[in-house]
Amino acid sequence: MPKPPAAFIYTDQADITELLSQIGSAYTNMKDGSVAPVWSDQAIKDNISAVDFSKPIPLDQALHEAANLMEHGDLRSASARCFGYFNPTSAWPAVVGDILAAVRNPQICVTSHAHASVTMERTIADMVCKKLDMQAGTAHFTSGGSEANETAVLAALCRASSDYIEHGVRAFAKTPSLYVSADSHLAWIKIAKATGLGAAAVRLVPTTGDGRMDAQGLGAMIADDRQSGFYPFMIAATCGTTGASMIDPLHACFEIARDNNIHYHVDAAWAGALIFDKTRLGLLAGIETADSVTIDAHKWLSVPMGAGIIAMRDPSFAANVFSVKTSYMPDGDGQDFYITTNQWSRRFLGLRLWMMLRVVGETGYRDLFDQHFALADYLRTQLPKYGWTVRNTSPLPVIVFDDTKHGLDSQKIADEVERHGRVWLGRVDFEGRSVLRFCTTSYLSTKADIDFLMDALNTARRTLTK
Ligand SMILES: Cc1ncc(COP(=O)(O)O)c(C=O)c1O
């Protein structure tokens, strides 16, 4: 019999230690190295096309090669001075947990095949439900916020019509419509297209000039839509918008959903992490009224992508939409993940958060949030001193601002900062204005990094006004 190829087999303890340390060394330049890719686009292409797959190499060399390509060719979005995205620096306990999940590779779509892993995953998911006041609810991990939001849409459609399961959107005599603010994450449009609703089903409710959904406008739009061929089935408020981290009026949106008897979802992809901080629950006030909530562990909870969570008050709607019977899968108690969630084969994503809660704990998360709120407060005091104007009123550590000293174009400033490559921030449109965007998601960021950012901004402005 042929033997298994040697390169597939890995048991040597010493080498594993060496490989782990090689992986850990990827953190080295995240503290204060360059944020921008070091290589040009052409250099990235050249270096990758030079890799010769016809000649296998030892694992440690292949790891070194891959790490080197990523080190030089990727934006270091997980580094201390990347203030542009919600990408965290992955915390080591979560990374180690993820490696363990990869090595043991439990198939958690069937409970009886991975009883311990599934129970661990459900323990974390149940914890999230309880924190959202969904004692009888259910939660599961998703690939990210978009899949979580899509699950909420499917659950809402099932709730709106029991015929949806059989006939899809054809079950509705009118066009089913869902309501989000104009400043929401526009994965909603993708979701509407992918679920067969069509982009026109997404009704963008205007904001009140501060990036928050206009609740009055929402009520009026739903009432008008009912008269003009729409069948409203869902409101999705955002708790922490992607651009400026504004919080929609959660209570008012809930009341409108209740009065209209439609599903109420809260998309708290980033800010929902604060459920782990008892001292800051007030910031999420109203989230506990939702029928479903999205939280991304891979944003502010410092675990690697992709790990989203969807929590639902009533487990039945989503379970119905995914339910299926096959001869080749066990017919368990009806709770197996393959029949209650969108995915079939499933990675043990919950282990990342399990490891974080075991090692860092809720107190550790509170410390992280303390750090981030303090950094944003510090930046808010610095910006006006140098002629930059903060444009949002978010209570969360996301700041959008622009140059009011010279009225320079925000995109030009962002490009100039980016050209130097030592620090990174975003650019978004906010209430008709082009603004720069700062957020904190890395546990590595310090006050010195904020000073560094301030300096980079002022330098960029000097260069542009020369
Ligand atoms: C409020 C909000 N919802 C949804 C998403 C999409 O999440 P993901 O990228 O994990 O799919 C994001 C991403 O930034 C977000 O900010």
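Our structure is the block above this text.
Let us look at the structure shown here. (Residues numbered from 1 in each chain as written. Predicted model: local features only at pLDDT ≥ 70, side-chain atom pairs only at ≥ 80, totals over all residues. Heavy atoms only, no water.)

With respect to the nonpolar core
Link 1 in the chain: With 60 residues, the main nonpolar core has I235, L353 and Y365 as its most contacted residues.
Link 2 in the chain: Among all residues touching L353, those that are not within four sequence positions of it are I124, F141, F276, A297, L301, V303, I309 and Y365.
Link 3 in the chain: One finds A152, L157, L178 and W188 within the second-largest nonpolar core, a separate group that totals 25 residues. (Core = buried A, V, L, I, M, F, W, Y, C linked by side-chain atoms within 4.5 Å. Buried < 20%, exposed > 50% of the residue type's maximum accessible area, 1.4 Å probe, protein only. Contact = heavy atoms within 4.5 Å.)

Considering unusual backbone geometry
Link 1 in the chain: With an omega of -15°, the peptide bond between M305 and G306 qualifies as cis.
Link 2 in the chain: Topologically, G306 is positioned in the loop between β6 (292–296) and β7 (308–312).
Link 3 in the chain: Of note in the backbone geometry, N105 takes a positive phi value of approximately 50° without being a glycine.
Link 4 in the chain: According to the relative accessible area criterion, N105 is exposed, its value standing at 57%.
Link 5 in the chain: A positive phi angle, close to 65°, is found at D133, a residue other than glycine.
Link 6 in the chain: With respect to the secondary-structure elements, D133 resides in the loop between α5 (115–131) and β1 (138–142).
Link 7 in the chain: When its relative accessible area of 39% is taken as the criterion, D133 is described as partly exposed. (Helix = DSSP H or I, 4+ residues; strand = E, 2+ residues; numbered from the N terminus.)

Examining the side chain of H263
Link 1 in the chain: Mapped onto the fold, H263 is located in strand β5 (residues 263–267).
Link 2 in the chain: With residues near it in sequence (within four places) discarded, H263 still touches A152, A156, R159, F233, M234, I235, A257, D291 and S292.

Focus on the environment of L301
Link 1 in the chain: Along the chain, L301 turns up in the loop between β6 and β7.
Link 2 in the chain: Taking the relative accessible area as the measure of exposure, L301 reaches 0% and is therefore buried.
Link 3 in the chain: Separated by 141 residues in the primary sequence, L301 and S442 place their C-alpha atoms 9.7 Å from one another.
Link 4 in the chain: Residues in contact with L301, not counting those within four places in the same chain, are A273, F276, L353, M356, Y365 and F369.

What to know about helix α8 (residues 187–194)
Residues lying three or four places apart along an α-helix face the same way, a consequence of the helix completing one turn every 3.6 residues.
Link 1 in the chain: Inspection of α8 places A187, W188, I191 and A192 among the buried residues, and these make up the whole buried set. Buried residues in α8, looked at end-on, bunch into an arc of 145°, giving them a common side. More than 90 degrees from the buried face of α8, the exposed residues found are K190, K193 and A194.
Link 2 in the chain: Buried residues along α8 sit against α6 (145–160), β2 (175–181), β3 (202–205), β4 (230–238) and β5.
Link 3 in the chain: Among the residues trailing α8, G196 stands out with phi positive, at a value near 85°. (Arc of directions from axis to C-beta.)

Notes on the side chain of S181
Link 1 in the chain: Relative to the elements of secondary structure, S181 occurs in strand β2.
Link 2 in the chain: Of note is the side chain of S181, whose polar atom sits 2.9 Å from the backbone nitrogen of D183. (Polar contact = N/O pair within 3.5 Å; in protein donor to acceptor, adjacent residues only side chain to side chain.)

A closer look at the sheet that holds β5
Link 1 in the chain: Read across the open sheet, the 7 strands follow the order β1-β7-β6-β5-β4-β2-β3; overall the sheet is mixed. With one partner strand each, in any of the chains shown, β1 and β3 form the two edges of the open sheet. Shown here is a sheet whose adjacent strand axes are inclined to one another by a mean of 20°, direction ignored. (Pairing = 2+ DSSP bridges. Axes fitted to C-alpha atoms, helices over the stretch in contact; angles between N-to-C directions.)

Describing the sheet that holds strand β9 (residues 398–403)
Link 1 in the chain: Pairing in this open sheet of 4 strands is antiparallel, and the strands run β8-β9-β11-β10 from one edge to the other. Looking at the sheet topology across the chains shown, the edges are occupied by β8 (388–390) and β10 (426–430). The average undirected angle you get between the axes of adjacent strands in this sheet is 45°.
Link 2 in the chain: Pairing between β9 and strand β11 (residues 433–439): 4 bridges, direction antiparallel. Counterpart to V398 in the pairing with β11 is C439.
Link 3 in the chain: Those strands touched by helix α14 (residues 361–385) are β8, β9 and β11, and its axis lies near 10° from that of β9.
Link 4 in the chain: Across the sheet, helix α16 (residues 447–465) lies against β8, β9 and β11, angled at about 125° from β8, the strand it touches most.

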